[in-house]
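# Structural characterization, general
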Amino acid sequence: MSTSSNTKTGERRRHSGVSTRRSTDRPVTVTIHPQGPTEVSNMPRLQGSGNFDLIRAAIAQTRRNTVEYDSSVFTVAREHTSKLIDGLAAHFGRVRVIHYISVRSRCTSECWTANPNTVSKCKCACAGMNHGSYEPLGRIVGHSRAGDVSVREATKKHVYFVEG
Ligand SMILES: [Zn+2]
């Protein structure tokens, strides 16, 4: 007997053999932010305090207030993230992780006021991205030998799956 189906995605096939009680586009999801607590969403509703109990067991914490809940999202302190992911993956078979990190780009005025034709000679931390633009990259945060220093913060997102 075959369980293959044309409706299954390539992603689902890669993880074949893992039983999921959820549709594959709404797996239990852990969201990691650069700062602040880690979130759990798309968790199936368990009886009573089952969701809290499961999360507390995963992170090996007994105190009630180590897990908070608001608008169908559970949160725990960032330091518990690894245990949380492992525990939820062990229970649900698979966890989707949405991992945000803060990425900082830098450029100096020596670079952004340079001739754009010299971009291949750029030695600035912007790697030529802002070379000769005549604009700082984001906001000016200080001064160096290469002139004013500007930075731009961006958030980078990495989505991956952890198997139980
Ligand atoms: Zn630059």
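Right above here is the structure, for reference.
This write-up is about the structure you can find in this document.

Conventions adopted
- Along each chain, the written sequence defines residue order, and numbers are assigned to residues from 1.
- Given that this is a predicted model, residues contribute local features only at a pLDDT of at least 70 and side-chain atom pairs are listed and counted only at 80 or more, while totals for whole chains, interfaces and linings are drawn from all residues.
- Helix and strand assignments follow DSSP, with helices taken as H or I runs no shorter than four residues and strands as E runs no shorter than two, numbered in order from the N terminus.
- Remark: residues whose backbone-derived C-beta atoms lie within 7 Å of one another are considered to be in contact.
- Pairing between strands is defined by DSSP: at least two bridges between the two strands are required.
- The term nonpolar core means buried Ala, Val, Leu, Ile, Met, Phe, Trp, Tyr and Cys residues held together as one set by C-beta atoms within 7 Å.
- Each residue is classified by how many other C-beta atoms fall within 10 Å of its C-beta atom, where C-beta atoms are placed from the backbone; a count of 20 or more means buried, 12 or fewer means exposed, and values in between mean partly exposed.
- Only the stretch in contact is used when a helix axis is fitted, and all axes are lines through C-alpha atoms; the angle between N-to-C directions ranges over 0 to 180 degrees.
- The span expected for a helix works out to 1.5 Å for each residue beyond the first.
- Angle categories are assigned with fixed cut-offs, so that under 35 degrees is roughly parallel, over 145 is roughly antiparallel, 65 to 115 is roughly perpendicular, and the rest are oblique.
- Should the near helix be turned anticlockwise from the far one by less than a right angle, the crossing is left-handed, and should it be turned clockwise, the crossing is right-handed.
- Lys, Arg, Asp and Glu make up the charged group, whereas Ala, Val, Leu, Ile, Met, Phe, Trp, Tyr, Cys and Pro make up the nonpolar group; the residues left over, Gly among them, are polar.

We now examine the overall build of the protein chain. The secondary structure content of the protein chain amounts to four helices and seven strands. Taken from N to C terminus, the helices and strands of the protein chain fall in the order α-β-β-α-β-β-α-β-α-β-β. A sequence separation of at least 24 residues applies to 54% of the contacts in the protein chain between residues at least 6 apart.

Where strand β5 (residues 94-108) and strand β7 (residues 147-163) come together, 15 bridges link them in antiparallel fashion. Along β7, the bridge assignment pairs Ser105 with Arg152. Where strand β6 (residues 139-144) lies against β7, five bridges are found, and the strand directions are antiparallel. Counterpart to Arg139 in the pairing with β7 is Val151.

We now examine the nonpolar core. Within the largest apolar cluster, 17 residues are counted, with the highest numbers of intra-cluster contacts made by Val30, Val40, Ile55, Leu84, Ile85, Leu88 and Val95. By residue number, the principal contributor to this core is helix α3 (residues 81-92), which donates five residues. The next biggest cluster of nonpolar side chains, apart from the first, holds six residues, and it includes Cys107, Trp112, Ala114 and Leu137.

The seven strands are arranged β3-β4-β2-β1-β5-β7-β6 in an open sheet whose pairing can be described as mixed. Looking at strand neighbours, the two that pair on one side only are β3 (68-70) and β6, the edges of this open sheet. Here the strands of the sheet are splayed against their neighbours by 30 degrees on average, with no regard to which way each runs. Pairing of strand β1 (residues 29-32) with strand β2 (residues 38-41) involves three bridges; the strand directions are antiparallel.

Time to look at α3. Taking 1.5 Å as the rise per residue, α3 with twelve residues should run 16 Å; its terminal C-alpha atoms sit 16 Å apart, in good agreement. Gly93 sits one or two positions beyond α3 and adopts a positive phi of about 95 degrees.

Another point: the pairing of strand β4 (residues 73-76). Remember that side chains alternate between the two faces of the sheet whenever the strand is regular. The alternating pattern of β4 places Phe74 and Val76 on a buried face, while none of Val73 and Thr75, on the opposite face, is buried. By the bridge criterion, three bridges tie β2 to β4 in an arrangement that is antiparallel. Residue pairing for β4: Val40 is matched across the bridge by Phe74. Two strands pair when backbone bridges link them, and β3 and β4 are joined in this way by three bridges, in the antiparallel orientation. Counted as the bridge partner of Tyr69 is Phe74 from β4. The loop that links β3 with its antiparallel partner β4 comprises two residues; one of these, Ser71, has a positive phi angle of about 50 degrees.

A few words now on the environment of His143. Along the polypeptide, His143 turns up in strand β6. Sequence separation between His143 and Thr108 is 35 residues; the distance between their C-alpha atoms is 8.4 Å. The contact partners of His143, leaving out residues within four places of it in the chain, are Asp148 and Val149.

In contact at an axis separation of 8 Å, helix α2 (residues 50-58) and α3 are set at 120 degrees when each is read in the N-to-C sense. The orientation of α2 with respect to α3, classified from their angle, is oblique. The hand of the α2/α3 crossing is right-handed. Taking contact as the criterion, the partners of Leu54, Ile55, Ala57 and Ala58 in α2 are, on α3, Lys83, Leu84, Gly87, Leu88 and His91. Class assignment for the residues of the contact of α2 with α3 results in six nonpolar, two polar and one charged.

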